[in-house]
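# A look at the structure
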Amino acid sequence: MSLIDLANPTKFLALTARVLPWLAGATVILLLIGLYQSAMAPDDYQQGATVKIMFIHVPNAWLSMFVWGIMSIASLGTLVWRHPLADVAAKAAAPIGAAFTFLALVTGSLWGRPMWGTYWEWDARLTSVLILFLMYLGLIALWRAVEDPSRAARAAAVLTLVGAINIPIIKFSVDWWNTLHQPASVIRMGGPTLDNAFLIPLLIMAIAFSLLFITLHLAAMRNEILRRRVRSLQMMQANQQRAA
Amino acid sequence: MRLSGKDLRCVRGGREVFAGLGFAASSGEALAITGPNGSGKTSLLRVIAGLLVPSDGSIALDGGEAELTVAEQAHYLGHRDALKPALSVLENLSFWRDFLGGEADDAGRCLTLVGLDHATHLPAAYLSAGQRRRLSIARLLVARRPVWLLDEPTSALDTKGQDLFVGLMRDHLANGGIVIAATHTPLGIDVREMRMGAAP
Amino acid sequence: MTALSALIRRDIRIALRVGGGALIGVLFFLTVTVLMPFAVGPDLALLSRLGPAILWLGALLASLLTLDRLFTADHEDGSLDLIVMSRTPLELACAAKALAHWLAAGLPLIVATPALGLLLNLDGTATVAVALTLLAGTPALTFTGMIGAALAVTLHRGGLLLAVLVLPLSIPVLIFGVAASQAAITGPMSFGTPFSILCALSLVSFVVGPFAAAASLRHGLD
């Protein structure tokens, strides 16, 4: 089966129906291994057991940006190649990306609590993630504001790509703003190089969460394709009644 | 010069408006697109004008300027007047002459042709619906374009206005122009009719 | 060139004529600034410390609100169709419209800054600094905001949704605009660094804004 065949929604549905159970199984197994390894990892000599939040936080933070990258590629697919599945992929990814970003925010805040003494500190990384979260919500709002999916797709694609250009600029600005307003003595998260005892569970968790994203994304794309089919069936029904 | 389209398919909001549609019109020829509401007359004009992207098919203007697209060689007269009430009649027309570019005509002369020379300096806000339409028609004259795409051009015009417009269309056709009009009422010139089907 | 200058002249003319469209932005700017002391208290020392931030926020909101109609007005009366069809590249036409908007609605904000600086107890240097940063930064606000204005055409609505989409994009401009003003007033950093980054942001927006707006308009019509 070539990539061109995958462009056909029907073939996509058939293929994903076969692949999804395996993906879901692999995700569960890897998550279990990752969680076990994380629980077994030693406590940090400075941060104690709170360091284990890292095993959840870092994969989520990584995915929050990775998903925007996926949506940007899909947006190029919509605008440049007019690929029929591209806007389905972009639309399905946005809520999942927003969820990962939200988890990154919450875990980051919980992790920061013992270190900073407050749940929220205007730390450069957390602030960037917060802005990213706002941008995800804006994008979802945009998708919901337009009834016609193909029109919404183009608007959302433009905004996604503008966001992709802007995210590094925002990141840079916020880092700069942060050093301006706070002396460098603040504890930086994720700071020093990691020992293997932390690195291996972290890698496993990162892979497990990436697989989780792929599973959820494919499932959401299937839903979106089916939702559009229902929509066009309903439209055909409306037209038939009008013609009758 | 020959404007033609083939295998055109237009989908809007997930609904197929028309499919497998072809048309052709040569210099000096007028094509009247008729059909009931919702049959896709306006959509077809907007596809030709490049404002809607067809899902399939192509449009070509043989014998036109090679480096320009069809849309760039066409005038589109839609339901909306593209007039700014805050600007005077002359300012409105002069803007379109300067902005559209190409071979241009004197704005004052064109206003005389459509019978608006008495209102040159009045704000466009004071015009009646018929006068607004006349001002839009003056836009077709002030910058020369070989293809005229007209959507219900004679609506809002009184008999005198319609006669005047018929004369202008005749002149345009005599000069080798092409007219494609979506219309319910007879245009008053020799046309080839193309009937679009009822909604599927 | 004639086409673009005709478009710029038309838009400025309309902005100045229609119920003082451009001046409403200045009035809004004034009102927001006057509102601030009621929220934070009439402490002049505090106000002069917050001054640049207040002026920047006011300018940001004012330019966002006036941008709302940048393309929708032309869309509603059918002008946008003709602009899209014309022989002028749509990217250039978008840039020309944004420039006209900035001249009619952005520049008056900067002219009004000294008067508002007085209300916020800013001294001469501070006022000049804020006005300079606004001069360098508001074009960036206009050119990123136009992306939202173009999306509003597809959406058939602007207002709140537009603000939600555009405001996160303008965070960098806000950061460096306020930072440069503060640097000129209190130091310790040099004014030059944030100011040149602010100029760079404006230059980037000159490229990204028109292209994104044109891409959104080109197939957002119906």
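Here, every reference points to the structure presented above.
First things first, this report covers the structure right here in the doc. (Residues numbered from 1 in each chain as written. Chains lettered and ligands numbered in written order. Predicted model: local features only at pLDDT ≥ 70, side-chain atom pairs only at ≥ 80, totals over all residues. Heavy atoms only, no water.)

Helix and strand counts for chain B come out as 5 helices and 8 strands. For chain B, the N- to C-terminal ordering of α and β elements is β-β-β-α-β-β-α-α-α-β-α-β-β. The C-alpha extent of chain B, read off along each of the three principal axes, is 50 × 35 × 30 Å. Taken over 200 residues, chain B has a buried fraction of 54%. Roughly 8100 Å² of accessible area belongs to chain B as shown, and the carbon and sulfur atoms make up 49% of that amount. Both charge centroids of chain B, one from 21 positive and one from 22 negative side chains, sit 5 Å from each other. (Helix = DSSP H or I, 4+ residues; strand = E, 2+ residues; numbered from the N terminus. Buried < 20%, exposed > 50% of the residue type's maximum accessible area, 1.4 Å probe, protein only. Areas by Shrake-Rupley, 256 points an atom, 1.4 Å probe, with all protein chains shown as cover. Lys, Arg positive; Asp, Glu negative; His and termini not counted. Charge placed at Lys NZ, Arg CZ, Asp CG, Glu CD.)

The secondary structure content of chain A amounts to 7 helices and 0 strands. Starting at the N terminus, the α and β elements of chain A follow one another as α-α-α-α-α-α-α. Here chain A, with 244 residues, has 46% of them falling under the buried criterion. By sequence separation, contacts in chain A at least 24 residues apart represent 81% of the contacts at least 6 residues apart. A total accessible area of about 12400 Å² is found for chain A, and carbon and sulfur atoms account for 70% of it. (Contact = heavy atoms within 4.5 Å.)

Glancing now at the sheet that holds strand β8 (residues 192-195) of chain B. What holds strands together in a sheet is hydrogen bonding between their backbones, with the strands either parallel or antiparallel. Residue and element names in this part refer to chain B. Ordered by their spatial adjacency, 5 strands build an open sheet running β5-β6-β7-β3-β8, and the pairing between neighbours is parallel. Unpaired on one side and paired on the other, β5 (74-77) and β8 mark the two borders of the sheet. Taken over all neighbouring pairs, the strand axes of this sheet differ in orientation by 15° on average, direction set aside. Sheet topology note: the strand β3 (residues 30-34)/β8 ladder contains 4 bridges and is parallel. (Pairing = 2+ DSSP bridges. Axes fitted to C-alpha atoms, helices over the stretch in contact; angles between N-to-C directions.)

This part is about the packing of helix α5 (residues 124-145) of chain A against helix α8 (residues 159-166) of chain C. Two elements in contact, α5(A) and α8(C), have axes whose closest approach is 9 Å; the angle formed by their N-to-C orientations is 145°. In the crossing of α5(A) with α8(C), the sense of the turn from one axis to the other is left-handed. Contacts between α5(A) and α8(C) pair G138(A), L139(A), A141(A), L142(A) and A145(A) from the former with L161(C), V164(C) and L165(C) from the latter. Classifying every residue of the contact of α5(A) with α8(C) gives 7 nonpolar, 1 polar and no charged. (Left-handed = near helix turned anticlockwise from the far one by under 90°. Nonpolar A, V, L, I, M, F, W, Y, C, P; charged D, E, K, R; others polar.)

As for its position among the elements, L68(B) is in the loop between β4 (56-62) and β5. Residue L68(B) is classed as buried on the basis of its relative accessible area, which comes to 19%. In the structure, L68(B) is positioned 12 residues away from R80(B) in sequence and 25 Å away in space, judged by C-alpha atoms. In contact with L68(B), other than residues within four places in its own chain, are Q73(B) and R87(C).

Let's shift gears to the packing of aromatic side chains. For the structure shown, the criterion picks out 15 aromatic pairs over all chains. Both rings, one in W96(B) and one in F99(B), keep their centres 6.1 Å apart while their planes meet at 75°; by these two values the pair is edge-to-face. Note that W96(B) and F99(B) are positioned in helix α2 (residues 89-100) at a spacing of 3 residues, about one turn of the helix. Judged by relative accessible area, W96(B) falls into the buried class, the value being 2%. Ring centres of F191(C) and F195(C) lie 4.9 Å apart, and the angle between their planes is 25°; on these two criteria the pair is classed as stacked. (Phe/Tyr/Trp six-rings, centres within 6.5 Å; stacked < 30°, edge-to-face > 60°.)

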